[in-house]
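Here is how the chains run, residue by residue.
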Amino acid sequence: MEDTLDRTAPGALLAGKAHGFPGYMTVDLAALRRNFQRIASIANPARVAGVVKADAYGLGAIQVAGTLLGAGCKDFFVAHAEEAVALRPHLPSGAQLFVLNGLLPGAEAVCASAAVTPVINSLTQLHRWRARARVERRRLPAVLQFDTGMSRLGFAPAERAAVRMEIAQSPELEVLYVMSHLASADEPTRAQNVAQLAEMEKVAKEFAPLPVCFANSGGVLMGSDYHGSLVRPGIALYGGAPQLGVANPMEPVVSLSIAVVQTRRVPSGTMVGYSGTHLTSDCTRLATLCAGYADGLPRSLSGRGAVYFHGHRLPIVGRVSMDSMTVDISDLPDDALDLGSLVEVIGPHQTLEMLATDAGTISYEILTGLGSRFFKSYC
Ligand SMILES: *Cc1c(COP(=O)(O)O)cnc(C)c1O
């Protein structure tokens, strides 16, 4: 399939050619492509969909989808109908676009006309989608989601008999997959995974011969029992670690540098930042950086996280502010940093996972929060 997206001149947008931004985020589309191919070889013969919800975890859904199309991906998942409608014009007609949360009242007509396939999570959603098919006098595609133990979305076990009957009596609906979602795929040894798999196998049997869509990134790595016909990774494509406590097999995709806006030397006993939570214990050199919690660098990094400059760790001191934060640069030569110098937030010395851990969160939350005020470029 042809890559139909307009990815005009990503080279012209390289960070080096733009000036004056508080931060520079780089998305390595070649690494994204290699991550897709790696997952495809693990999941083979199952197909691999790309989960591009939340603007492809903040990387840019149009650019990411274009790259995945070029790598052979034909199936895409978003969370909301709005996201699907925005992305649809950028996909060829042969590509499938699924909405994980299914339909909110009023979204049916929009999804039908945009050739978007809802994941149907409840009998009400099922009835409303079937009613739409009747209005349109044509078959509409659907995915059926079952709750296998996460208690978030999907039909309860007790509803399955009714769903089967409804589907048998609904020639207006073309069911493409039965689906469920793993709650603990990032911890492969948890018994919850085995229990959910057993429940999913029951669903597959009850709804045979419908194909199964089950595994997210972590699920892909848990072996072929979990693969079904279509796997749906998100974070692994974007270089995040799919599983905790093991080496991350994925290539990093995102890097982030932010700009120094001021440096200063302060004596021992100086308070730094809001509420003076940090007190210097020595004569200290500080740099104020041009990004803060409004840019997705969580306030929980206050006094805990760090940035890097040529491999030197520069600890964040005091509170992270909305638009800035302060780091201790005493380790660096006097003239190493100046107005506009860039320091590494995510890159060769600090992975996305390290930053997320310091912030007390997960890579997903960091990626999806990274700010719109940064200059974003693709290479
Ligand atoms: C977000 C999401 C995914 C992708 O999960 P990753 O852990 O990022 O691979 C897959 N399926 C569902 C239902 C999701 O909500």
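Values in this document were obtained by computation on a predicted structure and should not be read as measured data. (Residues numbered from 1 in each chain as written. Predicted model: local features only at pLDDT ≥ 70, side-chain atom pairs only at ≥ 80, totals over all residues. Heavy atoms only, no water.)

### Some details on the UniProt feature "active site" (unreviewed entry) in the chain
- Feature annotation in UniProt assigns "active site" (unreviewed entry) to the following positions: Lys53 and Tyr274. Their sequence span is 222 residues, while the largest C-alpha to C-alpha distance among them is 35.1 Å; these annotated residues do not converge on one region.
- Note that lysine 53 resides in helix α2 (residues 53-57).
- Exposure remark for lysine 53: the relative accessible area of 27% places this residue in the partly exposed category.
- Beyond its immediate chain neighbours, meaning those up to four positions away, lysine 53 contacts Phe77, Val78, Ala79, Glu83 and Leu100.
- Taking relative accessible area as the criterion, tyrosine 274 reaches 57% and is therefore assigned exposed.
- Beyond its immediate chain neighbours, meaning those up to four positions away, tyrosine 274 contacts Arg319 and Ser321. (UniProt positions renumbered as here; feature names shortened; annotations may be inferred. Helix = DSSP H or I, 4+ residues; strand = E, 2+ residues; numbered from the N terminus. Buried < 20%, exposed > 50% of the residue type's maximum accessible area, 1.4 Å probe, protein only. Contact = heavy atoms within 4.5 Å.)

### Regarding the packing of aromatic side chains
- If you walk through the whole model with that rule in mind, you get 10 aromatic pairs.
- Relative to tyrosine 24, the ring of phenylalanine 21 lies with its centre 6.1 Å away and its plane at 70 degrees, an arrangement referred to as edge-to-face.
- Its relative accessible area of 7% is what places tyrosine 24 among the buried residues.
- A centroid spacing of 6.0 Å and a plane angle of 35 degrees characterise the contact between tyrosine 57 and tyrosine 364, whose relative ring orientation is tilted. Within this pair, whereas tyrosine 57 is found in helix α2, its partner tyrosine 364 is found in helix α11 (residues 363-369), the two being separated by 307 residues in sequence. (Phe/Tyr/Trp six-rings, centres within 6.5 Å; stacked < 30°, edge-to-face > 60°.)

### Here we look at the domain arrangement of the chain
- Each assigned domain of the chain is listed here: domain 1 (29-238) and domain 2 (254-378).
- Averaged C-alpha coordinates put domain 1 and domain 2 at centres separated by 38 Å.
- Taken together, the contact between domain 1 and domain 2 spans 10 residues of the former and 7 residues of the latter.
- Here domain 1 meets domain 2 over a buried area of about 820 Å², counting both sides, of which 66% is carbon and sulfur.
- Counting the surface domain 1 buries against domain 2, the share from its top three residues, Tyr57, Leu59 and Ile235, is 54%.
- It is α2 that contributes the most residues to the side of domain 1 that touches domain 2, 3 residues altogether.
- Its residues assigned to classes, the side of domain 1 that touches domain 2 comprises 6 nonpolar, 3 polar and 1 charged. (Domains from an automatic or database assignment. Buried area = accessible area lost by both parts, 1.4 Å probe. Nonpolar A, V, L, I, M, F, W, Y, C, P; charged D, E, K, R; others polar.)

### Remarks on the nonpolar core
- Formed by 113 residues in total, the largest nonpolar core has its most connected members in Phe76, Phe77, Leu144, Tyr238, Ile258, Leu297 and Leu370.
- Of the residues that make up this core, three or more belong to each of domain 1 (29-238) and domain 2 (254-378).
- Leaving out residues up to four positions away in the same chain, phenylalanine 76 has contacts with Gly50, Val52, Ala65, Leu68, Leu69, Leu91, Ala95, Gln96, Leu97 and Phe98. (Core = buried A, V, L, I, M, F, W, Y, C linked by side-chain atoms within 4.5 Å.)

### A short note on the site of the ligand
- Neighbouring the ligand are 14 residues, the closest being Lys53, Tyr57, Ser217, Ile235 and Tyr364.
- The separation between an oxygen atom of the ligand and a polar side-chain atom of lysine 53 is 2.7 Å.
- A distance of 2.6 Å separates an oxygen atom of the ligand from a polar atom in the side chain of tyrosine 57.
- Relative to its free-state accessible area of 390 Å², the ligand is covered by the protein chains to the extent of 93%.
- The class makeup of the residues in the shell around the ligand is 7 nonpolar, 4 polar and 3 charged. (Near = heavy atom within 4 Å. Polar contact = N/O pair within 3.5 Å; in protein donor to acceptor, adjacent residues only side chain to side chain. Areas by Shrake-Rupley, 256 points an atom, 1.4 Å probe, with all protein chains shown as cover.)

### What to know about unusual backbone geometry
- Each neighbour pair has its own omega, and for asparagine 44 with proline 45 the value is 10 degrees, a cis peptide bond.
- Structurally, the position occupied by proline 45 is in the loop between α1 (29-43) and β2 (47-48).
- Within the chain, alanine 54 stands out as a residue other than glycine whose phi angle is a positive 50 degrees.
- Looking at the element boundaries, alanine 54 is found in helix α2.

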